[in-house]
Amino acid sequence: MSVQIKSVAVIGGGTMGNGIAHVFAMNRIPVNLIETKQEFADRAMATIEKNLDRMVAKEKIDVETKDAALNSISVFLDLRKGVKGVDLVIEAVPENLDIKKSVWTAVDEAADAHTIFASNTSSISITKLAALTKRPDKFIGMHFFNPVPVMKLVEIVNGLDTSEETYKVVEETSRLLGKTPVPVNDMPGFVSNRVLMPMINEAVFAVYEGVATPENVDQVMMLGMAHPMGPLRLADFIGLDVCLDILNVLYDGFKDPKYRPCPLLIKMVDAGKLGNKTGEGFYSYS
Ligand code: 3HC
């Protein structure tokens, strides 16, 4: 590998960010975990520790690996300090263009010239994010899947100006993490969400039109198609607001009515029933 990633900064310690920090730390690559508040950072570290403990209990890693992983994560509440000196910055902040804009503008000013930038966005154009920086050739999408320590895929999204060199470094880094990188080009929804979200949306339509209950829609897909969880349980797991945002990106991006979000999905998001994270979605989690 021409450039080896020896240190990484992960911006955001939510579900995806703490999972990404977990897999780098477990593979002995030091991580600067950047959060906006100490309580969010504490929550992220507690989740990482819980998930490492789960892996120790399943004998996937030993206690020394767990301790080394936890010790190799440093928490930063100052974004500019956290990105200084690292080889790769991965941004996993909420899917909101304004938040991403302010983060990437600051990162671009503070990071070293050699640093590669990756966004874990599931829907926002990599080309658009890259254009916020002065290094679009070093900007790429690194799309991980939830739960990050378990799911094998990293969908690597090449923006319009991403260089071959940047792609190669990120591809090899993904392999070092034990993941399988799959290259795709920057188009709305990439491949993963362009295929997944219409399936979830159709499952919501099936409920909306009274074809079947959520439980029965999920049973059909689990028992008939061997999906590990049905599309509606998966939608709850991803977050119904996230699903709706991604469908809107597909709908706006292609101007094709086949991506129109089901009115029931919109209504549930309006009601604040967002799935696991709010305790209610297609299922109840109380
Ligand atoms: N950290 C570490 N290990 C974990 C974990 C975590 N956060 N979550 C689960 N695991 C491990 C468990 O320990 C268990 O290990 P084992 O195989 O050695 O027993 C294994 O994963 C399976 O977990 P469970 O036994 O608790 O439960 P299940 O068998 O029901 O599996 C699941 C849970 C892995 C979530 C499975 O249901 C699944 O694969 N679901 C589909 C997930 C999926 O599609 N994710 C992609 C979402 S889309 C996305 O992220 C992209 C975005 O852009 C929308």
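Above: the structure in question.
So, here is what we can say about the structure in this document.

Here is what the cut-offs are and how they apply
- Residues numbered from 1 in each chain as written.
- Predicted model: local features only at pLDDT ≥ 70, side-chain atom pairs only at ≥ 80, totals over all residues.
- Heavy atoms only, no water.
- Helix = DSSP H or I, 4+ residues; strand = E, 2+ residues; numbered from the N terminus.
- Polar contact = N/O pair within 3.5 Å; in protein donor to acceptor, adjacent residues only side chain to side chain.
- Contact = heavy atoms within 4.5 Å.
- Buried < 20%, exposed > 50% of the residue type's maximum accessible area, 1.4 Å probe, protein only.
- Arc of directions from axis to C-beta.
- Axes fitted to C-alpha atoms, helices over the stretch in contact; angles between N-to-C directions.
- Parallel < 35°, antiparallel > 145°, perpendicular 65-115°, else oblique.
- Nonpolar A, V, L, I, M, F, W, Y, C, P; charged D, E, K, R; others polar.
- Pairing = 2+ DSSP bridges.
- Core = buried A, V, L, I, M, F, W, Y, C linked by side-chain atoms within 4.5 Å.

Locating R135 in the fold gives a position in the loop between helix 6 (126-130) and strand 6 (139-143). A polar atom in the side chain of R135 sits 2.9 Å from the backbone oxygen of T115. With near-sequence residues (within four places) excluded, R135 lies in contact with D108, A111, D112, A113, T115 and F117.

This part takes up helix 12 (residues 263-270). Of the residues making up helix 12, those classed as buried are L264, L265, M268 and V269. Viewed end-on, helix 12 has its buried residues packed into an arc of 135 degrees, placing them on one side of the element. Turned more than 90 degrees from where helix 12 packs its buried face, K267 and D270 sit exposed. Elements in contact with the buried residues of helix 12: helix 8 (192-208) and helix 11 (240-254). Looking one or two places after helix 12, you find G272, whose phi comes out positive at around 80 degrees.

Attention now moves to the packing of helix 10 (residues 231-238) against helix 11. Close contact between helix 10 and helix 11 brings their axes to 6 Å; oriented N to C, the two are set at 95 degrees. Of the possible angle classes, the one that applies to helix 10 and helix 11 is roughly perpendicular. Contact residues: helix 10 offers A235, D236 and I238, while helix 11 offers L240, V242 and C243. Of the residues in the contact of helix 10 with helix 11, the class split is five nonpolar, no polar and one charged.

Further remarks concern the sheet that holds strand 6. Overall, mixed pairing links the eight strands, which are arranged 3-2-1-4-5-6-7-8 in an open sheet. In this open sheet, the two edge strands, each paired with only one partner strand, are strand 3 (73-76) and strand 8 (180-185). Shown here is a sheet whose adjacent strand axes are inclined to one another by a mean of 25 degrees, direction ignored. Examined bridge by bridge, strand 1 (residues 8-11) and strand 4 (residues 88-91) share four bridges and lie parallel to one another. In the sheet register, A9 faces strand 4, and the bridge partner there is V89.

Let's shift gears to the nonpolar core. Grouped together as the largest cluster of nonpolar side chains are 36 residues, with contacts concentrated most on F24, L88, I90, M142 and F144. Take this core: its biggest share by element is six residues, from helix 1 (residues 15-26). Counting residues in each nonpolar core, the second largest holds 25 residues, with V217, L240, L265 and L274 among its members.

Honestly, that's just the spatial picture; any functional story needs more than this.
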